[in-house]
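# Chains, contacts and geometry: an overview
As a plain string of letters, each chain reads:
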Amino acid sequence: MPVFKVVTQNKEPYGNHNQLGKYHDKDAYDDVISYLLDSDKTTEDLVGGFGVNPYMAADQFKIIARIHHKDFGVHLRHMVLSFSKKEPIGIQQAKSIAYQIAAYYAEQYQILYAVHIDAEHLNIHFVMNTVSYRTGMKYEGKKQDYYQFIDHMKQTLSWYGLNLYVFTDQHE
């Protein structure tokens, strides 16, 4: 059963940063996107995105935030979908799933995805700019949107015969 988790900024440091509020600092774009695109974790053909060139994503995310005077607060949203090694999903199927799931936000937000193949099981990482390239508004993260996105993922995964488990951390 695939497991979905929104990565919280104070739980998962990137690079040499071990401080709280990682997704608020000026290096968040560079650090998290570098992690997503790490050649030890993925390959170029397993990376994609909407409204963004994956290999220029950090700069393009920053430009949108600056243009709209929203280069403060939480800069990005990081999500992970993990498959167990027992699931009948191949690498190309995972890439197709990533594309379909990322498409949910494509009309409003720049979103990047990468299939990570460095672990015993496949993982798909998504990073979304929190500033809409269409409206210039910050992503509000309302519960209604979250549950609609979960429904979108469930529907997408059902086409592959999979059920989704949503990981929630009660201490966040």
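See above for the structure.
Residues numbered from 1 in each chain as written. Predicted model: local features only at pLDDT ≥ 70, side-chain atom pairs only at ≥ 80, totals over all residues. Heavy atoms only, no water.

### A word on the overall build of the chain
Just so we agree on the cut-off: Runs of E in the DSSP output that reach at least two residues are strands. Runs of H or I that reach at least four are helices, and both are numbered from the N terminus. Note on contacts: a residue pair is in contact if any heavy atoms of the two residues lie within 4.5 Å. In short, Shrake-Rupley with a 1.4 Å probe defines the accessible areas, and a residue's cover is counted only from the protein chains shown.
Within the chain one finds four helices and six strands. Ordered by position from N to C terminus, the α and β elements of the chain give β-α-β-α-β-α-β-β-α-β. By sequence separation, contacts in the chain at least 24 residues apart represent 73% of the contacts at least 6 residues apart. Approximately 9,100 Å² of the chain is accessible, and the part contributed by carbon and sulfur atoms is 50%.

### Here's the deal with the packing of helix α1 (residues 28-37) against helix α2 (residues 57-67)
Let me state the cut-off plainly: Helix axes are fitted only over the stretch in contact, all axes being lines through C-alpha atoms; the angle between N-to-C directions runs from 0 to 180 degrees. Crossing handedness follows the turn of the near helix against the far one: under a right angle anticlockwise gives a left-handed crossing, and clockwise gives a right-handed one.
Orientation of α1 relative to α2, taken along the N-to-C sense of each, is 145°, at an axis distance of 9 Å. Handedness of the crossing formed by α1 with α2: right-handed. Every residue of α2 that contacts α1 at Y29, D30 and I33 is listed here: A57, A58, F61, K62 and A65.

### Re the packing of aromatic side chains
The condition that has to hold: Any two rings among Phe, Tyr and Trp, with Trp reduced to its six-membered ring, count as a pair given centres within 6.5 Å; such a pair is stacked if its planes are under 30 degrees apart, edge-to-face if over 60, and tilted if neither. Here's how the labels work: a residue is buried when its accessible area is under 20% of the maximum for its type, exposed when over 50%, partly exposed in between, all with a 1.4 Å probe on protein chains only.
Going through the model one piece at a time under the given rule, you end up with ten aromatic pairs. On the numbers, 5.3 Å between centres and 55° between planes, the contact of Y104 with F149 is tilted. Here Y104, found in the loop between α3 (91-102) and β4 (111-116), pairs with F149, found in helix α4 (residues 143-158); they are 45 residues apart in sequence, far enough to count as distant. Geometrically, the ring pair formed by Y105 and Y139 is edge-to-face, given 6.0 Å between the ring centres and 85° between the ring planes. Remark: Y139 occurs in the loop between β5 (123-129) and α4 and Y105 occurs in the loop between α3 and β4; sequence separation between them is 34 residues. Residue classification places Y105 among the buried positions, given a relative accessible area of 4%. When its relative accessible area of 16% is taken as the criterion, Y139 is described as buried. Following the ring pairs from residue to residue traces out a cluster consisting of F4, Y104, Y105, Y109, Y139 and F149.

### Concerning the environment of M128
Looking at the secondary structure, you find M128 in strand β5. For M128 and I111, which are 17 residues apart along the polypeptide, the C-alpha to C-alpha distance reads 4.3 Å. Apart from residues lying up to four places away in sequence, M128 is in contact with F61, H75, L76, R77, Y105, Y109, Q110, I111 and Y139.

### Quick word on the packing of α3 against α4
The cut-off we apply is this: Any angle that is under 35 degrees is reported as roughly parallel, and any over 145 degrees as roughly antiparallel; angles of 65 to 115 degrees are reported as roughly perpendicular and all others as oblique.
Axis separation between α3 and α4 bottoms out at 10 Å; the angle between their running directions is 150°. Classed by the angle they form, the pair α3 and α4 counts as roughly antiparallel. Both α3 and α4 take part in a crossing whose hand is right-handed. The segment α3 lies against α4, with I97, Q100 and I101 engaging F149, H152, M153, T156 and L157.

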